[in-house]
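Observations on the three-dimensional arrangement
Now for the letters of each chain:
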Amino acid sequence: SGAFPFYGEHQAGIVTPAQDRLHFVAFDVTTTRREELTGLLQEWTAAAARLTQGRDAGASGAVGGPPEAAPDDTGEALGLPASGLTLTVGFGASLFDDRFGLAARRPAALADLPRFPGERLIPEISGGDICVQACAHDPQVAVHAIRNLARIGFGKVTVRWSQLGFGRTSSTSRAQTTPRNLMGFKDGTNNMKLEDDDLVRDQLWAAAEDGADWMAGGSYLVTRKIRMTIETWDRTSLREQEDIFGRDKNEGAPAGKKNEFDPVDLAAMKPDAHVRLAHPTAHANAHLLRRGYNYVDGSDGLGRLDAGLFFIAYQRDPRRQFVPVQMSLAKNDPLNEYIKHVSSGMFACPPGVRDAGDYWGRQLF
Ligand code: HEM
C-alpha cells in the first residue's frame, strides 16, 4: 500500500511495476483560453502530487472545509492509503490544432496512426486532447483520483471517454510474476522491463535530438481497446490456442521449450504465431513497453460478455514501434478471428514533474 514518488525525471506509471487496477480517462478541452488550460494543468499537478501520496485532492479535504462549500475532495478514499497510485498525463494530437497556438510544437512522432485492416474504431471512445492514466492496487483509489481531476476540470474540460481495467496483463519488472490475460495465457513474459537499462534508454524515453525538445524524458503512449469474442475462443481447442500464440498455456514456455523465460525459438512456432509476428527480430529490433489491463464492461445484451484487453504501450516513436508491429498483426495474426480493435488513442506523455514549482507539460507551453 506504499506510495510511489510523484516528482522525478520521468513520469511515474510507465516503468513503475504495473499495478493491478486501472482507470484511464481522455478529456476534451472546452476552454479556448490558453491561460485557463495552463492554469488547469497546474491545479491538476498539485492535486496529483497530493493524491499519489494518499492525501486528499485539495488542502481542506473531504471534510475540513467550510460546511457551506462543496468539499475540495469527494471523500470516497478517506481512510485509504496511497495504494501505489500513479497518475500519468499525455497530450493527444488534437491538442496541437490552432486553438492554443501549439501546431508547431506537435512532435513528428505523434503522427496520426494509419488505418489498420479489420479495425472497427468507435470515434466516441477514441482520441482525446489530454489523457490521464491512473493505476493503483485499489480500484477505489484509481477512480477517486480520476473523479477529482474531472471535478477540478469542470468548465474547462469534459470527459470524452474513460475505461476501467481490473487486472494487469503485463509485468514491467523482473520482480513481478507474469499475469494472465482473459484468453488464459501469461502475458508480458517478453515485455520490456524496467531492469533493461539499455532498452529503456534506447526505446522507451524520447530524447531532445528526436525533434521535439519538450518531450525529452517523455514517452509516447498508444491505447487500443481490443474486444475479445470470448465465447468463440472458449470453444477453440487447446492446441489451436497454443499455436496461435506460440507459447504453451500452463507454463508460458515458447514452442519447443520447457520454461517460461527460455529464449524463444521462432522457427519452432507456426509462421503466423502471434509471438513470431510481434517479435523484435521481425521489426528492426522494435520493442514496446506493454502495460495493458483486462476489462469486462458487463455484457452486450446479446448474451455475450463485453470483455477484452485494454492494450497500453509506451515507446520512443510509434512510427518505428507500434505501427509496424500492429500492421503485421492486423494482416497476418490468426488471433484476429477472436478480437476486434474498437478504440484507439495516442498521446505524447511529457517528462516528469521536477518539484512543486513545476507542472504537467510546462516545457510545452
Ligand atoms: C506477446 C497476447 C495484442 C505485441 C504476447 C504474448 C501473449 C500476447 C500471450 C506472449 C507473452 C509475452 O511475451 O508477453 C496478446 C493478446 C492481444 C495482444 C491476447 C490482444 C487481445 C498485441 C498487440 C501488440 C502486441 C496489439 C502490438 C501491436 C506483442 C509483443 C509481444 C507479445 C511485442 C512480445 C513478442 C516477443 O518479443 O516475444 N502477446 N497480445 N500484442 N505481444 Fe501480444
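Small disclaimer: the values here were computed from a predicted structure and weren't measured. (Residues numbered from 1 in each chain as written. Predicted model: local features only at pLDDT ≥ 70, side-chain atom pairs only at ≥ 80, totals over all residues.)

1. Structural notes on the overall build of the protein chain
Helices and strands together make up the secondary structure of the protein chain, namely 7 helices and 10 strands. Here the protein chain has a C-alpha radius of gyration of 20 Å; the compact-globule value for 365 residues is 21 Å, and the two agree. When its C-alpha atoms are laid out on the principal axes, the protein chain stretches across 65 × 45 × 40 Å. Pairs at least 24 residues apart make up 74% of the contacts formed inside the protein chain by residues separated by at least 6 positions. (Helix = DSSP H or I, 4+ residues; strand = E, 2+ residues; numbered from the N terminus. Rg over C-alpha atoms; globule rule 2.2 N^0.38 Å. Contact = placed C-beta atoms within 7 Å.)

2. Some remarks on the pairing of strand β6 (residues 219–228)
Taking burial as the measure, the 10 residues of β6 include 10 buried ones, the bulk of the element. Alternating positions in β6 separate into two faces, Ser219, Leu221, Thr223, Lys225 and Arg227 on one and Tyr220, Val222, Arg224, Ile226 and Met228 on the other, with burial throughout. In the sheet, β6 pairs with strand β10 (residues 339–349) via 10 bridges, with the strands oriented antiparallel. If you follow Val222 over to β10, its bridge partner there is Met346. (Buried ≥ 20, exposed ≤ 12 C-beta atoms within 10 Å, placed from the backbone. Pairing = 2+ DSSP bridges.)

3. Quick look at the nonpolar core
Formed by 90 residues in total, the largest nonpolar core has its most connected members in Leu85, Ala134, Ala142, Ala145 and Tyr220. When residues of this core are assigned to their parent elements, the largest contribution, 7 residues, is made by helix α1 (residues 34–51). Aside from chain neighbours lying at most four places away, what touches Tyr220 is Ala109, Leu110, Ala206, Tyr314, Gln315, Arg316, Asp317, Pro318, Met346 and Ala348. (Core = buried A, V, L, I, M, F, W, Y, C linked by C-beta atoms within 7 Å.)

4. Concerning the UniProt feature "domain: Dyp-type peroxidase C-terminal" (unreviewed entry) in the protein chain
According to UniProt, the "domain: Dyp-type peroxidase C-terminal" (unreviewed entry) feature falls on residues 178–353. For the annotated span residues 178–353, helix accounts for 20% and strand for 23% of the residues, and the straight-line distance between the end C-alpha atoms is 30 Å. (UniProt positions renumbered as here; feature names shortened; annotations may be inferred.)

5. Looking at the environment of Leu87
Structurally, the position occupied by Leu87 is in strand β2 (residues 86–92). Residue Leu87 is classed as buried on the basis of its C-beta count, with 25 C-beta atoms lying within 10 Å. Taking C-alpha positions, Leu87 is 14 Å from Leu164, a pair spaced 77 residues apart along the chain. Apart from the residues within four sequence positions on either side, Leu87 is in contact with Gly13, Ala48, Leu51, Thr52, Val132, Ala134 and Ala145.

6. Describing the site of the ligand
The local shell around the ligand holds 28 residues, among which Phe185, Thr189, Asn190, Ala278 and Gln326 are the closest. Mapped by element, the contributors of at least two residues to the shell around the ligand are β6, α6 (274–278), β9 (305–315) and α7 (322–332). Ranked by the residues each element gives to the shell around the ligand, the list is headed by α7, at 4 residues. Counted by class, the shell around the ligand contains 16 nonpolar, 8 polar and 4 charged residues. (Near = placed C-beta within 6 Å. Nonpolar A, V, L, I, M, F, W, Y, C, P; charged D, E, K, R; others polar.)

7. Describing the UniProt feature "domain: Dyp-type peroxidase N-terminal" (unreviewed entry) in the protein chain
Look at the UniProt record and you will see "domain: Dyp-type peroxidase N-terminal" (unreviewed entry) annotated at residues 11–166. Between the C-alpha atoms that bound residues 11–166 the distance is 22 Å, and the span itself is 21% helix and 21% strand.

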